[in-house]
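Architecture and fold: a report
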Amino acid sequence: MRAIVFDREHELSLTEVPTPTAGPKDVIIKVAAVGICGTDTHVFDGEFEGTVYPLIPGHEATGVVTEVGSDVHDLNIGDQVAINPSTTCGECEYCLTGRSNLCRAWNGLGVVASDGASAEFVSVPRANVFVLRPDTDIHLAALIEPLACAIRGYDILPRKMGEHYLIYGAGTMGLLMAQLAPRAGAASVTIVDLNKDRLQAARDVGVQHPLTRADDAERTNWDVVIDCTGVIAAIEDALPRVKAGGTFQHFGVAPAEAHAKYSPFRVYRDEINIVGTMAVLNSFGRAVEMFEAGAINAAAMISHTFTLEDYAAALDKFRAGTGRKLQIRPNDTESRELLAL
Ligand SMILES: NC(=O)c1ccc[n+]([C@@H]2O[C@H](COP(=O)([O-])OP(=O)(O)OC[C@H]3O[C@@H](n4cnc5c(N)ncnc54)[C@H](O)[C@@H]3O)[C@@H](O)[C@H]2O)c1
Ligand SMILES: [Zn+2]
Ligand SMILES: [Zn+2]
C-alpha cells in the first residue's frame, strides 16, 4: 500500500510499504480521512517526546473495516469507524488509578511508536475502534478525535450554568471548545484570534463574540478563560482576565521549555484555579455520540482535502495558518478545496 513515512526528523516520503494484516485483537481499516494538526508538525520536526522513526503519521482518522483479527467478534467488514489513537500500558500507577492519559508509556498511533493513518490502510487494536452510524459522514467524522480532547477539557473544568467563557485561538481546538461551551452552560462565549479568517470560522460555527483583542470585549472578566493557542503572549494576556474564583485552562501546548509570567498574588487573593488537560480520557465514545447528535458544525470547519501525493503541501499549508482543518484522504485521487474562503 502507499503510505506517507516520516523517515527521520524533517524528512518524509511517499513510500510503498506492506499492507498490514490483522493480529488476533486488531482491526484493519481502509482510511477515509485523517486530519492534520500541530502534533503532526511537532512529530515531523522531531519535537514530540519519544517519537520512533520511521513512522507513518496521522492520528485523527476514520475509515471502513476491511479485516478483523481472529479474536474480534463484534465488528463487521464494512463498518464505518473512528479511531482513538491513544494506547496505554494498563500497568502503571496512572493506568491503574483511572488516569491513563497520564500513562508514562503513553503511545499515540502516528505520534510515538505505532504507525498512524496517513496510508491506504491502518491496523488498530479493537479497543481503539469506535463504530459510527451508517448515515454519519465518515469524512467530517475525523473531527471526533479532536472533539474527544475537547470533551476531556470540559471534564476538567468546574462547570456551572450561566458562566461567561473567553477562548484564545479559533483554530480547530478553540472552535470545538467554543461550540461545546453553550452545552456546558455558558451564558456567553467570546473568542479571540489574530487571524481574521479564523474569526470568520468562529462566526460560521455560531460563536457570538469573535474579536481580535480581548480589550474590545464588552466584559472585562470571565468565569472561564481557555488558552487554545499554546502561545505565551496569548497566555499572559488571557490569565489576568479570569474573574475572582474563576478558572484558567491550559488547553494549548506551549513549547516544553517556555515559561509564562503571572501574578501569584492574584492567584492567591482571587482563588484562581489553573488547570491543564491532556488528550483523551474516557471521552472518545462520548465524542462519537456528541458528533452524531450534531453538537458541532463540522462542515464549516474542514476547508481542504489532500491526497497522499500532496501531503507535504498540506503540512506547508497548515504551517502557514491558511485554511481551516486540513485533511488527508489517502484513498482519494485528487486534492480539493471544500470551502471557498
Ligand atoms: N490539550 C490537548 O489535549 C490538546 C489536543 C489537541 C491540540 N492541543 C493544542 O491546542 C492548541 C490549538 O490547536 P489547533 O489545532 O486549534 O491549532 P491552530 O494552530 O489551528 O490554532 C491556533 C490559533 O491560535 C491563534 N493564535 C496564535 N497566537 C495568538 C495570540 N497571541 N492571540 C490570539 N490567537 C492566537 C492562531 O491564529 C490560530 O488560529 C495547540 O497548541 C495544540 O497543540 C491540545
Ligand atoms: Zn491532532
Ligand atoms: Zn500506563
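Just so we're clear, the structure is a prediction, and the values are computed from it rather than from any experiment. (Residues numbered from 1 in each chain as written. Chains lettered and ligands numbered in written order. Predicted model: local features only at pLDDT ≥ 70, side-chain atom pairs only at ≥ 80, totals over all residues. Heavy atoms only, no water.)

Turning our attention to the UniProt feature "domain: Alcohol dehydrogenase-like C-terminal" (unreviewed entry) in the protein chain. UniProt's entry tags residues 173–291 with the feature "domain: Alcohol dehydrogenase-like C-terminal" (unreviewed entry), counted in the numbering of this structure. Helix makes up 32% of residues 173–291 and strand 24%, with an end-to-end C-alpha separation of 14 Å. (UniProt positions renumbered as here; feature names shortened; annotations may be inferred. Helix = DSSP H or I, 4+ residues; strand = E, 2+ residues; numbered from the N terminus.)

For the rest of this paragraph, the subject is the environment of Ala340. Mapped onto the elements, Ala340 comes out in the segment after strand S18 (336–337). Under the relative-accessibility criterion, Ala340 is labelled exposed at 75%. The spacing of Ala340 and Ser303 is 37 residues in sequence and 7.8 Å in space, taken between C-alpha atoms. (Buried < 20%, exposed > 50% of the residue type's maximum accessible area, 1.4 Å probe, protein only.)

If you trace the six strands from one edge of the open sheet to the other, you get S12-S11-S10-S13-S14-S15, paired in parallel fashion. A strand with exactly one partner marks an edge of an open sheet, and here the two such strands are strand S12 (209–211) and strand S15 (273–276). Between one strand and the next, the sheet's axes are offset by a mean angle of 20 degrees, whatever the strand orientation. Bridge count between strand S11 (residues 186–192) and S12: three bridges; the pairing is parallel. Along S12, the bridge assignment pairs Thr190 with His209. Most of the contacts of helix H4 (residues 196–204) go to S12, to which it runs at about 175 degrees, and overall it touches S11 and S12. (Pairing = 2+ DSSP bridges. Axes fitted to C-alpha atoms, helices over the stretch in contact; angles between N-to-C directions. Contact = heavy atoms within 4.5 Å.)

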